[in-house]
Amino acid sequence: METLNIALPKGRLGEKVYALFEAAGFPCPSIKENNRKLIFENKEVGVRYFWVKPSDVAIYVERGAADIGVCGKDILNEYRPDVYELLDLGMGKCDMCVAGKADFVDDRNRTLTVATKFSRIAKEYYAAQGRDIDIVHLNGSIEIAPILGLSDVIVDIVETGTTLKENNLVVLERFLPISARLIANKANYKFRFSMIERVKQGLKELTEKNK
Ligand code: PRP
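Description of the structure in this document. Fair warning: this is a prediction, and the values are worked out from it, not measured in the lab.

Calculation rules
- Residues numbered from 1 in each chain as written.
- Predicted model: local features only at pLDDT ≥ 70, side-chain atom pairs only at ≥ 80, totals over all residues.
- Heavy atoms only, no water.
- Near = heavy atom within 4 Å.
- Polar contact = N/O pair within 3.5 Å; in protein donor to acceptor, adjacent residues only side chain to side chain.
- Areas by Shrake-Rupley, 256 points an atom, 1.4 Å probe, with all protein chains shown as cover.
- 1 Å grid on protein atoms, 1.4 Å probe; cavity = no way out; pocket = protein on both sides within 12 Å on 5 of 7 lines; lining within 4 Å.
- Sits in = over half its atoms within 2 Å of the grid points.
- Helix = DSSP H or I, 4+ residues; strand = E, 2+ residues; numbered from the N terminus.
- Nonpolar A, V, L, I, M, F, W, Y, C, P; charged D, E, K, R; others polar.
- Buried < 20%, exposed > 50% of the residue type's maximum accessible area, 1.4 Å probe, protein only.
- Lys, Arg positive; Asp, Glu negative; His and termini not counted.
- Salt bridge = Lys/Arg side-chain N within 4 Å of Asp/Glu carboxyl O.
- Contact = heavy atoms within 4.5 Å.
- Pairing = 2+ DSSP bridges.
- Axes fitted to C-alpha atoms, helices over the stretch in contact; angles between N-to-C directions.
- Core = buried A, V, L, I, M, F, W, Y, C linked by side-chain atoms within 4.5 Å.
- Arc of directions from axis to C-beta.

**Details of the site of the ligand**
Consideration 1: In the neighbourhood of the ligand, 13 residues make up the surrounding shell, with Lys117, Glu143, Asp156, Thr160 and Thr163 lying closest.
Consideration 2: A distance of 2.6 Å is found between an oxygen atom of the ligand and a side-chain nitrogen or oxygen belonging to Asp156.
Consideration 3: In isolation the ligand exposes 500 Å². Once the protein is present, 73% of that is buried.
Consideration 4: The pocket occupied by the ligand, as judged from atoms lying within 2 Å of grid points, is the largest pocket.
Consideration 5: For the shell around the ligand, the secondary-structure elements that each account for two or more residues are β9 (153–158) and α6 (162–166).
Consideration 6: Among the residues forming the shell around the ligand, the class breakdown is 2 nonpolar, 6 polar and 5 charged.

Listed below in structure tokens is the structure:
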């Protein structure tokens, strides 16, 4: 049987996503035994899973190293990979937000400084409002930027709101709902259509039940 290569996002979303694939009939028991190994295969079922950084899932899938994968809508909007988006899994829900100090007042006569990991999303959001901004691109711990005066506001994902709260920041604008999506490599989707569709249908039935 041919093996389907599946890129899963390492971290808090990944565990839940794997559980969904398992429940859909594509288990790989060894994945639970070892927490340093990155690739796991179940030849009987025909699946090979690998853990990658959430922001890298789309790269593996776009280049065909993975046939399918799961990544957030935030990554798809930011990097616009040339992949098929097959299914909204309805998990990993969060929002793209503008956040800042509670007493922040926007002076539209000044260029707004925005710290973010999501430069394209932030640029498009402010361009649509005709607002001049200066982007400070950071790779993580974005919440620190307004506290230290590196930026006026941040554009980042907010899930529970705990990170903002613990750093004395508030949501100023919630503008893009995010959730996890099943994506597929365009060429491999054709070559492995029946297997990929079986996975998609299995996941779809489960996620619809969840909704
Ligand atoms: C994300 C995001 C926020 C946090 C939001 O960071 O950038 O910092 O999660 O979650 P919350 O609303 O539930 O607190 P992530 O954990 O991906 O780490 P990072 O700072 O390295 O980007």
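On we go.
**Things to note about the side chain of Asp156**
Consideration 1: Here Asp156 lies in strand β9.
Consideration 2: Here Asp156 occupies a buried position and makes no salt bridge, while the nearest side chain of opposite charge, Lys117, is found at 4.4 Å.
Consideration 3: If we skip the residues at most four places from it in the chain, Asp156 touches Asp95, Met96, Cys97, Lys117, Phe118, Ile142 and Glu143.

**Re the sheet that holds strand β10 (residues 169–178)**
Consideration 1: Here we have 5 strands laid out as an open sheet, ordered β8-β7-β9-β6-β10, and mixed in their pairing. Because the sheet does not close on itself, it has two edges, and the strands there are β8 (133–137) and β10. Sheet twist, expressed as the mean angle between neighbouring strand axes with direction ignored, is 30 degrees.

**Let's talk about the nonpolar core**
One recurring pattern in soluble globular proteins is that nonpolar side chains are buried together.
Consideration 1: Ranked by internal contacts, the top residues of the largest apolar core, which has 31 residues, are Leu8, Phe21, Tyr49, Ile68 and Leu203.
Consideration 2: Secondary structure elements with two or more residues in this core: β1 (4–9), α1 (12–23), β3 (47–52), β4 (68–72), β5 (84–88), β11 (180–184) and α8 (193–210).
Consideration 3: One finds Cys94, Val98, Tyr126 and Val153 within the second-largest nonpolar core, a separate group that totals 13 residues.

**Re α1**
The α-helix advances 3.6 residues per turn, and as a result positions three or four apart in sequence lie on the same side.
Consideration 1: What α1 keeps buried is the set Gly14, Val17, Tyr18, Leu20 and Phe21. On an axial view of α1, the arc spanned by its buried residues comes to 155 degrees, and they lie on one face. Across α1 from its buried face, at more than 90 degrees, point the exposed residues Arg12, Glu15 and Ala23.
Consideration 2: A positive backbone phi angle near 105 degrees is found at Gly25, which sits one or two residues after α1.

**Quick word on the sheet that holds β4**
Consideration 1: In spatial order, the strands read β2-β3-β1-β4-β11-β5; together these 6 strands make up an open sheet with mixed pairing. Whereas interior strands pair on both sides, the edge strands pair on one side only; in this sheet they are β2 (39–42) and β5. With direction set aside, neighbouring strand axes in the sheet form an average angle of 25 degrees.
Consideration 2: Pairing analysis gives 6 bridges linking β1 to β3, with the strands arranged parallel. Looking across to β3, one finds that Leu8 is bridged to Trp51.
Consideration 3: Its contacts with the sheet place α1 against β1, β3, β4 and β11, and it is angled at close to 145 degrees to β1.

**Regarding the pairing of β11**
Consideration 1: Most of β11 sits out of view: 5 of its 5 residues are buried.
Consideration 2: Here β11 shows no split at all, with Ala180, Leu182 and Ala184 on one side and Arg181 and Ile183 on the other all buried.
Consideration 3: Summarising the sheet, β4 and β11 pair through 5 bridges and their orientation is antiparallel. Paired with Gly69 across the bridge in β11 is Ile183.
Consideration 4: Of the pairings in the sheet, the one linking β5 to β11 comprises 4 bridges and is antiparallel in character. Each bridged residue has a counterpart across the sheet, and for Glu85 the counterpart in β11 is Ile183.

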